[in-house]
Amino acid sequence: MAYFRRGLQCTLLAALLSAEGQMLSTGALVTELWGDAPPDRVENALQAHVSRLRRKLQAIEPDFAETRLIAQAGGYRLTLAGAKIDAMVFTRALAQARLTAETDPTETAYRLREALALWQGPAFGGAAIGLAAQAAAVRLDECRLAALQLLFDSELRVGLHTAIIPELTELVRAESPNERLCEQLMVALYRCGRQTDALGVYRWMRNRMLEELGIEPSPVLRNHERAILAHHPDLQARQDHLALRDSPL
């Protein structure tokens, strides 16, 4: 996306990519590019931007000069055959990691670390994009969060609690209030002998949720606080910390 800088070609490309190889109608593309304020002779304007985008794609991939961006009756389609799209690689890796999560946490963590390394910033490079592309970006962000949560569960299972504390701490502070990441940080801190710090993270999250959302932590997060106070056996290294999510104390 960086090659296309910011502007309508970038918005157009984001819309076509978000369709994942399916055709987008002319009307949908007009809405993506101009919202409810399209220019005069809007179909000609759209054709002009498609032509400019096609030339840029041809410069990047000469072998796909005539087959990558296709005009069809009523719209346009961006074919993805042979293309390496980071978002698609990432979502496939997440799906594969979910299959091995229960049986092979080491392999799961390895797959997820590789997949998460593809993220170099916000989806579509933070460019101004239309509503359909914004929805796709939200789905990708949700997948990223799911991958992070599965990653830390896997790494806690194989005894990497010390290594993940800095990363988890940063995420808990930076993300919108996320109880799952908070749980994982509390478990990691406890397993490092830092019970006081683990309880402090809970209190910090509780205060933040009350101030920002006006709600108390969920029973699951409160259960983790009680488990730490009681030195619950599932908090010990390499035990199944996920059992705390299903077993009220």
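Higher on the page you've got the structure.
Residues numbered from 1 in each chain as written. Predicted model: local features only at pLDDT ≥ 70, side-chain atom pairs only at ≥ 80, totals over all residues. Heavy atoms only, no water.

In terms of helices and strands, the chain carries 10 helices and three strands. Listing the helices and strands of the chain from first to last along the sequence gives α-β-α-α-β-β-α-α-α-α-α-α-α. Its C-alpha atoms give the chain a radius of gyration of 23 Å, clearly above 18 Å, the size a compact globule of 249 residues would have. Across the 249 residues that make up the chain, the buried fraction comes to 41%. (Helix = DSSP H or I, 4+ residues; strand = E, 2+ residues; numbered from the N terminus. Rg over C-alpha atoms; globule rule 2.2 N^0.38 Å. Buried < 20%, exposed > 50% of the residue type's maximum accessible area, 1.4 Å probe, protein only.)

Pairing in this open sheet of three strands is antiparallel, and the strands run β1-β3-β2 from one edge to the other. Each of the sheet's edge strands pairs with one partner strand only, and the pair in question is β1 (24-25) and β2 (69-72). Alignment of β2 against strand β3 (residues 75-78), held across four bridges, turns out to be antiparallel. Its bridge partner being in β3, Ile70 is matched across the sheet by Arg77. In this fold helix α3 (residues 42-60) packs onto β2 and β3, with an angle of close to 150° to the strand it touches most, β2. (Pairing = 2+ DSSP bridges. Contact = heavy atoms within 4.5 Å. Axes fitted to C-alpha atoms, helices over the stretch in contact; angles between N-to-C directions.)

On to α3, then. Over its 19 residues, α3 runs 27 Å from end to end, which matches the ideal 27 Å to within 8%, given 1.5 Å per residue. Taken residue by residue, α3 has Val42, Ala45, Leu46, His49, Val50, Leu53 and Leu57 as its buried positions. Along α3, the residues classed as buried sweep out an arc of 135° about the axis, all on the same side. Away from its buried face by more than 90 degrees, α3 exposes Arg55 and Ala59. (Expected span 1.5 Å × (residues − 1). Arc of directions from axis to C-beta.)

Bringing the nonpolar core into the picture now. Membership of the largest hydrophobic core comes to 39 residues, with the highest contact counts inside it found for Leu112, Phe152, Leu185, Met186, Ile228 and Leu235. Broken down by secondary-structure element, the contributors of at least two residues to this core are α4 (86-100), α5 (105-116), α6 (131-157), α7 (161-174), α8 (179-191), α9 (195-212) and α10 (219-230). Here this core takes eight residues from α8, the largest share from any one element. Beyond its immediate stretch of four places on either side in the chain, Ile228 contacts Met186, Tyr190, Gln195, Ala198, Leu199 and Leu235. Among the nonpolar cores identified, the runner-up in size contains 20 residues, and Val50, Leu53, Leu69 and Leu80 belong to it. (Core = buried A, V, L, I, M, F, W, Y, C linked by side-chain atoms within 4.5 Å.)

Attention now goes to the packing of α4 against α6. At their nearest, the axes of α4 and α6 sit 11 Å apart, and the two run at 40° to each other. Crossing of α4 against α6: the hand is left-handed. Here Ala87, Phe90, Thr91, Leu94, Ala97 and Arg98 of α4 lie close against α6, whose contacting residues are Leu140, Cys143, Arg144, Ala146, Ala147 and Leu150. For the contact of α4 with α6, the class distribution of residues is nine nonpolar, one polar and two charged. (Left-handed = near helix turned anticlockwise from the far one by under 90°. Nonpolar A, V, L, I, M, F, W, Y, C, P; charged D, E, K, R; others polar.)

Let's shift gears to the packing of aromatic side chains. Tallied over the full model, the rule gives one aromatic pair. Geometrically, the ring pair formed by Phe90 and Trp119 is edge-to-face, given 5.7 Å between the ring centres and 85° between the ring planes. Of this pair, Phe90 sits in helix α4 while Trp119 sits in the loop between α5 and α6, and the two are 29 residues apart along the sequence. Classification of Phe90 by relative accessible area gives buried; the value is 1%. (Phe/Tyr/Trp six-rings, centres within 6.5 Å; stacked < 30°, edge-to-face > 60°.)

Here we take up the environment of Glu175. On the secondary structure map, Glu175 appears in the loop between α7 and α8. Relative accessible area serves as the criterion here: at 22%, Glu175 is assigned to the partly exposed category. It is 9.6 Å that separates the C-alpha atoms of Glu175 and Leu145, two residues lying 30 residues apart in sequence. Setting aside residues up to four positions removed in sequence, Glu175 forms contacts with Arg144, Leu181 and Arg208.

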